[in-house]
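# Observations on chain architecture
So the chains spell out like this:
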Amino acid sequence: MNRRITRREMLHRAAGAAAVTAGLDAPLAFPGVQEAAAPPLNRNSAPSDLKITDMRACTVAANYDYPIIRIDTNQGVYGLGEVRDAGVKGIALILKAHILGKNPLEIEPVLANVRQFAGQGRMGGGYSAVDMALHDIAGKVYGVPAWRLLGHKRRDRIRIYCDTTGHKDPKVYGERMLKRKKMGFTFFKMDLYTSLVADRPGAVHQNGAATEKGLAYLCEYIQAVRDAIGWDTPLAADHFGRLSVNDCIRYARAFEPYQLAWAEDFISYKDWRGYKTISDATTTPILTGEDAFGLEEGFQSLLDNHAVDIIHPDPETSGALIETKRIADYADMHGIPTALHFAGSPVGCMASVHLAATLRNFIVMENHAVDMPWWGDLVTGPSKPIIQDGYIPVPDTPGLGVELNEAVVKEHLRYPGYFEPTPMFDDFIVSGFRMVGPWPHYDEDGNYVNKITY
Ligand SMILES: [Mg+2]
């Protein structure tokens, strides 16, 4: 295709009817125009004829289960996606009947058709996995990284924060965090369970919240971690237990001297009024969102009312690339930054990296598997280690830029079977209503037909 062509050939092509067809399999040629000026065409597929032919899945058993899906096409190009950690593959597979036969490059119409089946929490995982797989396919077909399909690459590497599990001894907790810092991380989060101080007399009220005495003990843990990693380093906190709005305010005010990056998920993300009350009463930044799906369904009230200081969507629940970009852009319009929750496999991780690369108001993204030695081995494609000095480089390879390492995935399957056939999902399970196209049914005259009758 890139052979040099003579000026004579160029003139011939430009002059004759052959020029019309030559454009399909050779760079268009014009007299006097350098051959090199012709854009390279990716011929991996004929996009207009591309059709979704299958969806299959497998589940990796790791710190949480990682349900991974594969969407196949009639031209050998396929896409990988991931359902929310600790979710199940079925939440994606029930969407199979609704996407079969559709052109995977028509990403927004395909997603619009299945949005009615996306719910909050783990129920957002199927929609999100499909979004990721469609971006993987489209990127491969067009020869561009997934971030290019979303917008502009605003950063070349994504800052990662690591969750760190607690220890009863504040000194040990501090040492654990220092170990993270020595791994290269520059942003940290600690679990600050009220239960950490529950065995100390007078520390926890009968309602389950820390007393003033208990809050002072909890602050000893933050103090120990601050002493270990320094006061100028971002440090967030999570997992306080079930608290009332008033108790959340007491906690948040007690934490103020430590300048936390945020206090996470004090109450349910559905209670924007509660969040507004808490965040208006403290200088500790308030964050939530890891279980919310969709802008209208999950985030809009929090943002319209400026009820939180930062949002924290998990791309495997919130709707993955397109929807989370919408959510983050809407947050940005309200002056609210976006951090990303993430606790899945490298497939969903890299999809989230592509997303994060394009966000105007991005702060940091979570990784929950920094202690799992084989986590990065699940895939090939990204440069290794995947997290380098606390950051993940943004790939420029087509699609998500990640392929499964079949041998390693097979070593860690939750259930037997690696992308086995899924004929049980060929028919409609969650709804038989067809948005468009023919379907077999009785028409109003009582005839059994297979066509649109409205
Ligand atoms: Mg959390």
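Residues numbered from 1 in each chain as written. Predicted model: local features only at pLDDT ≥ 70, side-chain atom pairs only at ≥ 80, totals over all residues.

Within the chain, the regular secondary structure consists of 16 helices and 16 strands. By the burial criterion, 44% of the 454 residues in the chain qualify as buried. Taking the intrachain contacts of the chain between residues at least 6 apart in sequence as the baseline, contacts between residues at least 24 apart amount to 70%. (Helix = DSSP H or I, 4+ residues; strand = E, 2+ residues; numbered from the N terminus. Buried ≥ 20, exposed ≤ 12 C-beta atoms within 10 Å, placed from the backbone. Contact = placed C-beta atoms within 7 Å.)

Across a sheet, paired strands are connected by hydrogen bonds in the backbone, their directions being either parallel or antiparallel. The three strands are arranged β1-β2-β3 in an open sheet whose pairing can be described as antiparallel. Looking at which strands have only one partner, the edges of the open sheet turn out to be β1 (52-61) and β3 (78-82). On average, each strand axis in the sheet is inclined to that of its neighbour by 20°, with strand direction left out of account. Here helix α6 (residues 125-142) sits on the sheet in contact with β2 (65-73) and β3, set at roughly 150° to β3. (Pairing = 2+ DSSP bridges. Axes fitted to C-alpha atoms, helices over the stretch in contact; angles between N-to-C directions.)

A word on the environment of T283. Mapped onto the elements of the fold, T283 is located in the loop between α11 (272-280) and β8 (286-288). The exposure class of T283 is exposed, given the 12 C-beta atoms found within 10 Å.

Below, the discussion takes up the packing of helix α10 (residues 245-255) against α11. As a packed pair, α10 and α11 sit with axes 9 Å apart at the nearest point and diverge in direction by 30°. For the element pair α10 / α11, the angle class is roughly parallel. Of the two possible hands of crossing, α10 and α11 adopt the one that is right-handed. Contacts between α10 and α11 involve V245, C248, I249 and A252 on the former and, on the latter, G274, T277 and I278. Looking at the contact of α10 with α11 residue by residue, the class counts come to five nonpolar, two polar and no charged. (Parallel < 35°, antiparallel > 145°, perpendicular 65-115°, else oblique. Left-handed = near helix turned anticlockwise from the far one by under 90°. Nonpolar A, V, L, I, M, F, W, Y, C, P; charged D, E, K, R; others polar.)

Here the bond from K384 into P385 is cis, since omega is -10°, no more than 30 degrees from zero. The topology assignment puts P385 in the loop between β12 (379-380) and β13 (391-393). In this structure, D265 is a non-glycine residue whose phi angle is positive, near 50°. The class for D265 is partly exposed, based on 18 C-beta atoms found within 10 Å.

What follows concerns the confidence of the model for the chain. Overall, the prediction assigns the chain a mean pLDDT of 91, with 89% of residues at 70 or greater. When the elements of the chain are averaged for pLDDT, helix α2 (residues 18-25) gives the smallest value, 37, and strand β10 (residues 338-340) the largest, 99. Of the regions scoring below 50 in pLDDT, residues 1-35 engages in 20 contacts with residues more than four places distant in sequence or in other chains. (pLDDT = per-residue confidence, 0-100.)

Among the eight residues of strand β4 (residues 157-164), six are classified as buried, and the element is accordingly described as predominantly covered. Sheet topology note: the β4/β13 ladder contains three bridges and is antiparallel. What sits directly across from R157, in β13, is P393. Pairing of β4 with strand β11 (residues 362-367), which is carried by three bridges, proceeds in the parallel orientation. Looking across to β11, one finds that I160 is bridged to M365. In terms of strand pairing, β4 meets strand β5 (residues 188-191) through three bridges, oriented parallel. Residue pairing across strands places C162 opposite F188, the latter belonging to β5. Handedness of the crossover joining β4 and β5 through helix α8 (residues 170-182) is recorded here as right-handed. (Right-handed = clockwise from strand over helix to strand, strands pointing away.)

As for its placement among the helices and strands, I91 is situated in helix α3 (residues 90-93). By C-beta crowding, I91 is classed as buried, having 25 other C-beta atoms within 10 Å. In the structure, I91 is positioned 34 residues away from G125 in sequence and 6.8 Å away in space, judged by C-alpha atoms. Look past the residues within four positions of I91 in its chain and what remains in contact with it is V83, R122, M123, G125 and G126.

Looking now at α6. Its 18 residues place the ends of α6 26 Å apart at the C-alpha level, agreeing with the 26 Å of an ideal helix rising 1.5 Å per residue. Counting buried positions along α6 yields 17 of 18 residues, so the element is predominantly enclosed. Looking one or two places after α6, you find G143, whose phi comes out positive at around 75°. (Expected span 1.5 Å × (residues − 1).)

Relative to the assigned elements, H239 resides in the loop between β6 (235-238) and α10. On the basis of neighbour count, H239 is assigned to the partly exposed category, with 17 C-beta atoms found within 10 Å. Considering only alpha carbons, one finds H239 and D191, 48 residues apart in sequence, at a separation of 5.6 Å. The contacts of H239, once residues within four sequence positions are left out, are D191, L192 and Y193.

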